[in-house]
Amino acid sequence: MPDDAGRCAKRNRSAHGPGDLPVGEVLPCNRAARANSRYDRCVTRYDALVETLRAEFPGFRIVRKDRSPLHKAIHYALCALTLGRMTSYLDAFQTTIGRTIYVTSDWDDWDPDRRYVTLRHEAVHLRQFRAFSVPGMAVLYVLLPLPMGLAWFRASFEKAAYAESIRAAAEVWGHAY
């Protein structure tokens, strides 16, 4: 009989592309925990969603924010603009731009179900970027009607994404969550 646990562990490695997050993580194949899953018992929901997003968005990537020169620059700009009050940009927020989701440095330490729920949220933003383009999203999300005002577009985009987060959390942890 083939070593099923070995095959499962091999398939459960993080599904990131070259140059993105390191593969590193190996998850055990827990048949009991995945018995009611609609996915292959050895593939997490997260892995399945990453593959779905790769098919839907050619060029899709997951990249650590602390390894991105752009996000380091945004971090320092936010620190300067807020007089040092916004210091958690690199450590506390996942950010989507175009077909790339920028994640915090602890992303690979998260439970796959937590990453799945967060990735469902970020997938909404991927679709928004596809609909409005990167320049369009920059204007709508960042500039209108100005970050200091009532950012209606930002609120609308996030409302749609958080509604998806709630649906995903209910799917993973139940409606009582």
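Everything discussed here concerns the structure shown above.
In this report, we go over the structure that sits alongside the text.

Criteria and cut-off values
Residues numbered from 1 in each chain as written. Predicted model: local features only at pLDDT ≥ 70, side-chain atom pairs only at ≥ 80, totals over all residues. Heavy atoms only, no water. Helix = DSSP H or I, 4+ residues; strand = E, 2+ residues; numbered from the N terminus. Areas by Shrake-Rupley, 256 points an atom, 1.4 Å probe, with all protein chains shown as cover. Buried < 20%, exposed > 50% of the residue type's maximum accessible area, 1.4 Å probe, protein only. Pairing = 2+ DSSP bridges. Phe/Tyr/Trp six-rings, centres within 6.5 Å; stacked < 30°, edge-to-face > 60°. Lys NZ or Arg CZ within 6 Å of the ring centre and 35° of its normal. Axes fitted to C-alpha atoms, helices over the stretch in contact; angles between N-to-C directions. Contact = heavy atoms within 4.5 Å. Salt bridge = Lys/Arg side-chain N within 4 Å of Asp/Glu carboxyl O.

**Thoughts on the overall build of the protein chain**
Part 1: Helix and strand counts for the protein chain stand at 7 helices and 3 strands.
Part 2: Secondary structure elements of the protein chain occur, N-terminal to C-terminal, as α-α-β-α-α-β-β-α-α-α.
Part 3: Taken as a whole, the protein chain presents about 10,400 Å² of accessible surface, with 61% of it coming from carbon and sulfur.

**Things to note about the pairing of strand β3 (residues 100–103)**
Part 1: Of the two faces of β3, the one holding Thr100 and Tyr102 and the one holding Ile101 and Val103 are both buried throughout.
Part 2: Pairing analysis gives 4 bridges linking strand β1 (residues 61–64) to β3, with the strands arranged parallel. Residue pairing across strands places Arg64 opposite Val103, the latter belonging to β3.
Part 3: By the bridge criterion, 3 bridges tie strand β2 (residues 95–97) to β3 in an arrangement that is antiparallel. Bridge pairing in β3 places Ile97 opposite Thr100.

**Observations regarding the packing of aromatic side chains**
Part 1: With the rule as written, the count across this model stands at 7 aromatic pairs.
Part 2: With a centroid separation of 6.1 Å and an interplanar angle of 65°, the aromatic rings of Tyr46 and Trp107 are classed as edge-to-face. One end of the pair, Tyr46, is in helix α2 (residues 45–56); the other, Trp107, is in the loop between β3 and α5 (112–132), with 61 residues separating them in the sequence. Each member of the pair, Tyr46 as well as Trp107, carries the same accessibility label: buried.
Part 3: Consider the rings of Trp107 and Trp110, whose centres lie 5.1 Å apart with planes at 45°: the pair is tilted.
Part 4: Residue Trp107 is classed as buried on the basis of its relative accessible area of 1%.
Part 5: Three or more aromatic residues joined by ring pairs make a cluster, and in this case those are Phe132, Tyr141, Trp152, Phe153 and Phe157.
Part 6: The positively charged end of Arg45 is found above the aromatic ring belonging to Tyr116, 6.0 Å away from the centroid.
Part 7: Above the ring of Tyr89, the side-chain terminus of Lys65 is found at 3.5 Å from the ring centroid.

**A few points about the sheet that holds β3**
Part 1: Pairing is mixed in the open sheet, where 3 strands are placed in the order β1-β3-β2. The open sheet has two free edges, formed respectively by β1 and β2, since each of these has just one partner strand. Strand-to-strand, the axes of this sheet are offset by a mean angle of 25°, without reference to chain direction.
Part 2: Against the sheet, α5 contacts β1, β2 and β3, and its axis sits at roughly 25° relative to β2.

**Side note on the pattern of salt bridges**
Part 1: A full pass over the atoms with the stated rule returns 10 salt bridges.
Part 2: For Asp108, the salt bridge identified is with Arg115, shortest N-O distance 3.9 Å.
Part 3: Looking at Arg115, the relative accessible area reads 1%, which means it is buried.
Part 4: A salt bridge links Arg120 to Glu171; the nearest nitrogen and oxygen atoms lie 2.9 Å apart.

**Side note on the side chain of Thr100**
Part 1: Within the element layout of this structure, Thr100 appears in strand β3.
Part 2: The exposure class assigned to Thr100 is buried, which follows from its relative accessible area of 8%.
Part 3: Thr100 has contacts with Arg61, Val63, Thr95 and Leu126, leaving out every residue within four places of it along the chain.

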